[in-house]
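# Examining the three-dimensional arrangement
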Amino acid sequence: MALSVNEIYKQDCIKGLAKVEPSTVDLAFADPPFNIGYEYDVYHDARSDDEYLDWSRQWIEGVWKALKPTGTFWLAIGDEYAAELKVIAQKDVGFRCRSWVLWYYTFGVNCKRAFSRSHTHLLYFVKNPDEFTFNADDPAVRVPSARQLVYADGRANPKGRLPDNTWILRPQDLPGGFSAQEDTWYFPRVAGTFKEREGFHGCQMPEQLLGRIIRCCSNPGDVVLDPFGGSGTTLTVAKKLGRQWLGFELSAEYVTRIKARLKAAAVGDPLDGAADPLASAPKTTGPGAKRLVDGKRVPVAAGGRPAGVLRNGDVQHALIDAYKQTHAGHSVDQLLADPKLNGAFTEACRANGVPGGPAEWNRMLLGVRKRGRLPKLNIKGWHLRSSDMDGYMFASEIAMQQLSIELDAALDDILCDPRLAGRFDEIAASFAPGHTLFEYRWAALAIRKRAKMARRLAVELESEWSKCQLGRARSIRDSDWSKYECPGVYLLLSDGRQELYAGETFNLRQRIEQIAAVPAWKKFAPATVKVLAVAPRCGLQSYLIDRHRPVMNCQLLLPAPAAP
């Protein structure tokens, strides 16, 4: 690019877009001024219709030129010009519109003589209708079908289906409405009292809204462009989700604030706001609803029965009974990690009449264990050494990190939900093929178990390990790695010298040759590696992660910042 990525430029977007190297951007999101007389500190937001539409045509053409042939463009716009800008983007510039999404929000401006506005239009365009990024198989995009939830039909696609569109009046009254995948999207507007409010821009978008768009229409490492930097939400979310970013903004003050916000964000940081905004709204019907009784809000279940009680018995008792029937001497962790054991457990839950589905049953089981309610059973001990998991543990770590970025999912969320666990298995197997699903999942649990000690040692032994220097960068395509038939640590770099992954292994030669041969690595363009022949020690990898901040390492291993 003529301009550097991972930068915000104080510049008019039309001039800035002209400097972007053509066909280099993967995703553009634009939230331009709506031409409704809003008082910006620099921009004049009350132009004539002709002037505003001509200006819009120019910057949309600039977005078109910047996007790759497979690129995607999202446009947020108000009622006044939504139709006109859609026509310009399609008829004048050449985009194809895939969806017209409504962002429905609470805390809109209250009106006394008209219906209060509580939505913004989100127009979803692509350059090529036959080739574009749309992560439709992502578990966060798909929803369970009626065949799965209602009829338990074995012919149902286990991945679920793409959802329908929905209209609804009160989102808190129907938990299934305004789900994360429908084309009427519910997110609270970032009101002045919200913690995520930056305070310097009156039209701040929620991070979770941008997160959905960026996760769905781009991949880690892709370039995300925002022509109107504003409060910096697009760029900040892109950074948190492991994308590269580029933006323009007219206001010097806004640029300064955006840079501060970006500096405070790191790859892998959670997005601000609730991933499921309905979780914070008081429900009035259905599971989780509360009823006012004697001045107190009391949980109730469907049909007015006390929450948590089955018609034919106690939910917790039925769940524990399912575990007792199927655990076969294994721990809860083993039951979650072993697909066969977990399948038997969920079938027992279904047979026992436990409400919900596999993800809910698994989470309930973890909750029962946490509260100490599981009976003492004859559990077999199970242990795998790091050397036993050397050939695939790194792949489990990469899968954890990717799902953390893509779906904001913790390990328990992944293992409890069969759809997320399946996605985890696919990623891990792509980086280290040939191992069982249980091995990938058990390695992830081992990483989490050791993370606390690793982080502590990384801090305690920093002065000792800082004396250990990695060797010079060497191409992973070098033909002879035979002298590295030994344990060691390594730092993998891309062809652009970006730090990709800091790892440790009991055989450096095998690991490097594996990276060079496995296709899944190619999208990250691994080119060189720095190695140090030294016996792996708990915490040394965490020290390297803290020192180099590679994008593919699990954030669980990153030491906590020192107290001020």
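Notes on the structure in this doc start here. Please read all numbers here as calculations on a predicted model, not as lab measurements. (Residues numbered from 1 in each chain as written. Predicted model: local features only at pLDDT ≥ 70, side-chain atom pairs only at ≥ 80, totals over all residues. Heavy atoms only, no water.)

## Digging into the side chain of N553
Here N553 shows up in the segment after α18 (540-548). With relative accessibility at 0%, the residue N553 sits in the buried group. A polar contact of 2.9 Å, which involves the side chain of N553, links it to the side chain of E397. Residues contacting N553, with those up to four places away along its chain left out, are E397, Q401, L500, Y501, A502, Q541 and I545. (Helix = DSSP H or I, 4+ residues; strand = E, 2+ residues; numbered from the N terminus. Buried < 20%, exposed > 50% of the residue type's maximum accessible area, 1.4 Å probe, protein only. Polar contact = N/O pair within 3.5 Å; in protein donor to acceptor, adjacent residues only side chain to side chain. Contact = heavy atoms within 4.5 Å.)

## Regarding the pattern of salt bridges
By the definition in use, this model includes 19 salt bridges. In this structure, R257 and E253 form a salt bridge, with 3.5 Å as the shortest nitrogen-oxygen distance. Remark: E253 and R257 occur in helix α7 (residues 252-264); sequence separation between them is 4 residues, near one turn of the helix. The partly exposed category is assigned to R257, whose relative accessible area is 37%. A salt bridge links E347 to R350; its shortest N-O distance comes to 2.6 Å. In this pair, E347 and R350 are both assigned in helix α10 (residues 339-351), 3 residues apart and thus about one turn of the helix distant. With relative accessibility at 48%, the residue E347 sits in the partly exposed group. Residue classification places R350 among the partly exposed residues on the basis of a relative accessible area of 39%. The network of salt bridges with shared partners includes D54, R57 and D92. (Salt bridge = Lys/Arg side-chain N within 4 Å of Asp/Glu carboxyl O.)

## Topic: the side chain of H327
Note on placement: H327 falls in the loop between α8 (315-326) and α9 (332-337). For H327, a relative accessible area of 9% translates into the label buried. In contact with H327, other than residues within four places in its own chain, are L335, L341, L377, N378 and I379.

## Re the nonpolar core
With 85 residues, the main nonpolar core has F345, F431 and W521 as its most contacted residues. In contact with F431, other than residues within four places in its own chain, are F394, A395, I398, Q402, Q514, V518, A520, W521, F524 and M552. Core analysis: the second largest hydrophobic core is formed by 34 residues, Y81, A82, V93 and F248 among them. (Core = buried A, V, L, I, M, F, W, Y, C linked by side-chain atoms within 4.5 Å.)

## Comments concerning the packing of α8 against α10
For the pair α8 and α10, the least separation of the axes is 8 Å and the interaxial angle reads 140°. In terms of their interaxial angle, α8 and α10 are classed as oblique. In this structure, α8 meets α10 at a crossing whose hand is right-handed. In contact with L319, A322, Y323, Q325 and T326 of α8, α10 contributes L341, A344, F345, A348 and C349. Each residue belonging to the contact of α8 with α10 can be placed in one class, and the counts come to 8 nonpolar, 2 polar and no charged. (Axes fitted to C-alpha atoms, helices over the stretch in contact; angles between N-to-C directions. Parallel < 35°, antiparallel > 145°, perpendicular 65-115°, else oblique. Left-handed = near helix turned anticlockwise from the far one by under 90°. Nonpolar A, V, L, I, M, F, W, Y, C, P; charged D, E, K, R; others polar.)

## Considering the packing of aromatic side chains
Across all of its chains, the model carries 21 aromatic pairs by this definition. Ring geometry for Y392 and Y440: centres 6.2 Å apart, planes at 90°, overall edge-to-face. On the criterion of sequence distance, the pair formed by Y392 in the loop between α11 (358-370) and α12 (393-407) and Y440 in helix α15 (residues 437-460) is long-range, its members being 48 residues apart. For the pair formed by Y392 and Y440, the shared burial category is buried. What links up through ring pairs into an aromatic cluster is the set Y52, W55, W59, W64, F73, Y81, F95, F125 and F228. Cation over ring: R98 sits above F134, and NZ or CZ is 5.2 Å from the ring centre. Across the ring face of W64, the terminal group of K127 is positioned such that the distance to the ring centre comes to 4.6 Å. (Phe/Tyr/Trp six-rings, centres within 6.5 Å; stacked < 30°, edge-to-face > 60°. Lys NZ or Arg CZ within 6 Å of the ring centre and 35° of its normal.)

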